[in-house]
Number of protein chains: 2
Amino acid sequence: MPSYKLTYFPVKALAEPIRFILSYGGVEFEDDRFDRNDWPKIKPTMPFGQVPVLEIDGKKVNQSTAICRYLAKQHGLAGKDDWENLEIDVAVDNIHDLRSKIGAYHYESHPEAKEAKREPLMKELLPFALDRLDEQVKKNGGYFVGGKLTWADMVFVALLDYLNFMTKFDITEKHENLKALKEKVLALPKIKAWVEKRPQTEC
Amino acid sequence: MPSYKLTYFPVKALAEPIRFILSYGGVEFEDDRFDRNDWPKIKPTMPFGQVPVLEIDGKKVNQSTAICRYLAKQHGLAGKDDWENLEIDVAVDNIHDLRSKIGAYHYESHPEAKEAKREPLMKELLPFALDRLDEQVKKNGGYFVGGKLTWADMVFVALLDYLNFMTKFDITEKHENLKALKEKVLALPKIKAWVEKRPQTEC
């Protein structure tokens with residue numbers, strides 16, 4: 001088995017889907033969490049100046065979604081054919097689009113501009129997107145795609161603490177299918193074991 | 001061959017990589033460009049309230065990158081193995097990360113917040129990212145991955161007019177490897193034919 005070293009800030013956020021998939025696959029990995037003060041020194045050593053970065057046998061790879069897709073193929077979390085993989089990719093990118101819009105609000109440093117982003121996000125975008133995601137899980141037998149566990153479910157559940165941290169409420173609370181999916185994924189023995197042993201962080 | 005209908009605003013932007021790959025594959029498609037005034041009416045009929053959407057035999061699929069990956073597999077633009085596909089996915093997401101940061105500046109509606117985003121983008125982020133992308137193309141024999149044409153090259157070149165529209169300058173002008181890649185892709189006979197026949201739009 002290749003050696004894996006995952007480098008990121010000391011949080012869940014974008015690294016957590018990778019940690020979930022590696023844990024689900026029963027893969028040992030070095031969980032390298034650096035101090036935020038060291039970031040300016042680390043940044044230029046990273047392939048695109050960003051983290052998370054997964055070193056696979058010493059080769060540094062960035063982009064969490066690309067990494068998840070690669071790992072998912074090896075651990076039985078990909079689709080059964082090109083069409084299912086397309087559906088999984090769409091679900092994952094829809095989830096990340098939502099994450100990115102929540103992030104555009106959360107990380108906006110100009111107070112007035114931030115305030116202007118709040119209502120469109122909280123009143124329109126978020127309810128619309130959550131309704132669509134919930135409906136998709138309902139239609140697909142409790143999972144995002146194909147009535148079975150795929151890496152799209154891992155990405156969604158692993159990102160939840162980060163999303164909830166940014167929105168300041170539990171985004172699954174009014175969406176029973178998303179909530180049930182979360183509980184189901186967190187009850188998987190290997191995910192449960194990971195969640196119990198991981199460092200406790202807010203997001 | 002399946003039937004394809006591509007629905008988008010009357011611009012290149014996020015739909016153009018799909019149009020490039022379909023054109024490269026010699027695939028006929030309906031290029032449905034709607035009037036911006038009709039968007040509020042169209043939006044709720046789209047799977048995630050977003051476009052571009054490609055209808056494949058009547059099935060509506062959103063998320064341009066997922067669509068490109070799916071089409072690339074069918075038209076010889078994917079990698080030769082999982083590792084090459086990982087490298088392609090990373091390149092594509094790096095390109096879209098850059099696009100998204102340029103967009104965060106371009107679409108910011110609060111004038112002061114927009115001004116605050118300008119310098120970090122123009123002086124740091126953009127030069128850093130373009131240097132890394134240019135270096136990658138140089139190292140890989142004139143393409144993003146594996147010394148041969150893949151859908152990562154298609155995505156980059158197809159997005160250029162949109163990126164340049166938002167930055168207000170030609171982002172390849174000081175990066176000779178990116179510039180050479182652009183010229184090479186635009187010289188492919190099927191891409192050349194598409195570019196000649198497509199509607200002329202600014203972005």
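Fair warning: this is a prediction, and the values are worked out from it, not measured in the lab.

Visitor: Please provide a residue-by-residue account of the interface of chain A and chain B, values included.
Guide: Across the contact, 36 residues belong to chain A and 36 residues belong to chain B. Of all residues in chain A, Phe48(A), Trp83(A) and Arg132(A) bury the most surface against chain B, accounting for 20% of the area lost on that side. Here chain A is connected to chain B by 6 salt bridges. Notably, a salt bridge pairs Arg69(A) with Asp89(B), separated by 2.8 Å at the nearest N-O pair. One can count 22 residue pairs in polar contact (both at pLDDT 80 or more) joining chain A with chain B. Of all the secondary structure elements, the ones that give two or more residues to the side of chain A that touches chain B are strand 4 (59-62), helix 3 (64-74), helix 4 (82-106) and helix 5 (111-139) of chain A. When residues in the side of chain A that touches chain B are grouped by element, the largest group, 10 residues, is from helix 4 of chain A. Looking at the side of chain A that touches chain B residue by residue, the class counts come to 16 nonpolar, 8 polar and 12 charged.

Visitor: Describe the sheet that holds strand 4 (residues 59-62) of chain B, with residues and values.
Guide: All names here are of chain B. Read from one edge to the other, the open sheet built from 4 strands follows the order 2-1-3-4, with strand pairing classed as mixed. Unpaired on one side and paired on the other, strand 2 (30-33) and strand 4 mark the two borders of the sheet. Between one strand axis and the next, the sheet turns by 20 degrees as a mean value, whatever way the strands run. Bridge analysis of strand 1 (residues 4-8) against strand 3 (residues 53-56) gives 4 bridges, and the strand direction is antiparallel. Considered in strand 3, the bridge of Tyr-4 is made with Ile-56. Against the sheet, helix 1 (residues 16-24) contacts strand 1, strand 2 and strand 3, and its axis sits at roughly 160 degrees relative to strand 1.

Visitor: So what's going on with the pairing of strand 2 of chain B? Which residues, and what values?
Guide: The sheet contact formed by strand 1 of chain B and strand 2 of chain B spans 4 bridges and is parallel. Opposite Leu6(B), over in strand 2 of chain B, you have Asp31(B) as the bridge partner.

Visitor: So what about the UniProt feature "domain: GST N-terminal" (unreviewed entry) in chain A? Which residues, and what values?
Guide: The UniProt record annotates "domain: GST N-terminal" (unreviewed entry) at residues 2-79 of chain A. Along residues 2-79 of chain A the backbone is 31% helical and 22% strand, and the end-to-end C-alpha distance reaches 23 Å.

Visitor: Go over the UniProt feature "domain: GST C-terminal" (unreviewed entry) in chain A with me, naming the residues and quoting the values.
Guide: The feature "domain: GST C-terminal" (unreviewed entry), as annotated in UniProt, sits at residues 81-203 of chain A in this numbering. Between the C-alpha atoms that bound residues 81-203 of chain A the distance is 34 Å, and the span itself is 74% helix and 0% strand.

Visitor: Account for helix 1 (residues 16-24) of chain A, naming residues and giving values.
Guide: All names here are of chain A. Extensive coverage of helix 1 is indicated by the burial of 8 of its 9 residues. Within helix 1, the full set of buried residues consists of Glu-16, Pro-17, Ile-18, Arg-19, Phe-20, Ile-21, Leu-22 and Ser-23. Gly-26 occupies a position one or two residues after helix 1 and carries a positive phi of about 70 degrees.

Visitor: A description of the packing of aromatic side chains should follow, citing residues and the corresponding values.
Guide: All names here are of chain A. All chains considered together, the criterion is met by 14 aromatic pairs over all chains. Each ring, one from Phe-9 and one from Phe-34, has its centre 4.9 Å from the other, and the planes form 55 degrees; the classification is tilted. Residue Phe-9 is found in the loop between strand 1 (4-8) and helix 1, and its partner Phe-34 is found in the loop between strand 2 (30-33) and helix 2 (39-42); the two are separated by 25 residues along the sequence. On the basis of relative accessible area, Phe-34 is assigned to the buried category, the value being 6%.

Visitor: Lay out the sheet that holds strand 1 of chain A in plain terms, naming residues and giving numbers.
Guide: The 4 strands lie next to each other as 2-1-3-4 (chain A), forming an open sheet whose pairing is mixed. Where the open sheet ends on each side, the last strands, each with one partner, are strand 2 and strand 4 of chain A. Taking each pair of neighbouring strands and ignoring which way they run, the sheet shows an average axis angle of 20 degrees. In this structure, strand 3 (residues 53-56) of chain A lies alongside strand 4 of chain A, joined through 4 bridges in antiparallel fashion. Considered in strand 4 of chain A, the bridge of Ile56(A) is made with Lys59(A). On the sheet, helix 4 (residues 82-106) of chain B packs against strand 3 and strand 4 of chain A and is oriented at approximately 45 degrees with respect to strand 4 of chain A.

Scoring rules and cut-offs
Residues numbered from 1 in each chain as written. Chains lettered and ligands numbered in written order. Predicted model: local features only at pLDDT ≥ 70, side-chain atom pairs only at ≥ 80, totals over all residues. Heavy atoms only, no water. Contact = heavy atoms within 4.5 Å. Buried area = accessible area lost by both parts, 1.4 Å probe. Salt bridge = Lys/Arg side-chain N within 4 Å of Asp/Glu carboxyl O. Polar contact = N/O pair within 3.5 Å; in protein donor to acceptor, adjacent residues only side chain to side chain. Helix = DSSP H or I, 4+ residues; strand = E, 2+ residues; numbered from the N terminus. Nonpolar A, V, L, I, M, F, W, Y, C, P; charged D, E, K, R; others polar. Pairing = 2+ DSSP bridges. Axes fitted to C-alpha atoms, helices over the stretch in contact; angles between N-to-C directions. UniProt positions renumbered as here; feature names shortened; annotations may be inferred. Buried < 20%, exposed > 50% of the residue type's maximum accessible area, 1.4 Å probe, protein only. Phe/Tyr/Trp six-rings, centres within 6.5 Å; stacked < 30°, edge-to-face > 60°.

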